[in-house]
Amino acid sequence: MSSKPIKVPVRHTEIVDLDKAMYHVSDADFDRLIKNLSKDPYLGSSTDGTNHEYLFSSLSVHYIVYHDHDGVSVLISGIRPHEAVSWKGKALKVGRKTIDLVKEIKGLFDIFGGGK
């Protein structure tokens, strides 16, 4: 008895079509992405077991792994250049640190009476 490789169905949202056009993702690259995910839907990293991020070439691919009547399936929900995703994360961290610093300075002014 030989075992055949399992092909996981991979679908994508309409947003992905827009992402492909906006970020100039070629059909050949997208086909390779689909092929990779259909062979192994757990290529990406996940924090909750459902939502995944897969770094493919220079792209950050966001997808959901779920179970339906066909078994395991994949739904690609977005494609972004990796730089765009990491830039936003860095900007959020800097923003949070700035807010924390302002709160600390305000707290010091309040302690030493300079804030009145």
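In what follows, the structure referred to is the one given above.
Residues numbered from 1 in each chain as written. Predicted model: local features only at pLDDT ≥ 70, side-chain atom pairs only at ≥ 80, totals over all residues. Heavy atoms only, no water.

Novice: What should I look at first to understand the environment of L18 in this one?
Specialist: Here L18 lies in helix α1 (residues 14–22). Distance from L18 to G78, taken between C-alpha atoms, is 9.2 Å for residues 60 residues apart in sequence. (Helix = DSSP H or I, 4+ residues; strand = E, 2+ residues; numbered from the N terminus.)

Novice: Honestly, the packing of aromatic side chains in this entry has me stumped. Any pointers?
Specialist: For any pair of aromatic rings, the description rests on two quantities: the centre-to-centre distance and the angle between the ring planes. Taken as a whole, this structure holds 1 aromatic pair when the rule is applied. Ring plane angle 45° and centroid distance 5.9 Å describe the contact between Y54 and F56, whose orientation is recorded as tilted. Exposure remark for Y54: the relative accessible area of 12% places this residue in the buried category. For F56, a relative accessible area of 8% corresponds to the buried category. Above the face of the F30 ring, K20 is positioned so that its terminal group lies 4.1 Å from the ring centre. (Phe/Tyr/Trp six-rings, centres within 6.5 Å; stacked < 30°, edge-to-face > 60°. Buried < 20%, exposed > 50% of the residue type's maximum accessible area, 1.4 Å probe, protein only. Lys NZ or Arg CZ within 6 Å of the ring centre and 35° of its normal.)

Novice: What is the right way to read the side chain of S38 from this model?
Specialist: Mapped onto the secondary structure, S38 falls in helix α2 (residues 27–39). S38 sits in the buried class, given a relative accessible area of 8%. Within the local environment of S38, its side chain forms a polar contact with the backbone oxygen of K35, the two atoms lying 2.9 Å apart. Beyond its immediate chain neighbours, meaning those up to four positions away, S38 contacts I6, K7, V8 and V10. (Polar contact = N/O pair within 3.5 Å; in protein donor to acceptor, adjacent residues only side chain to side chain. Contact = heavy atoms within 4.5 Å.)

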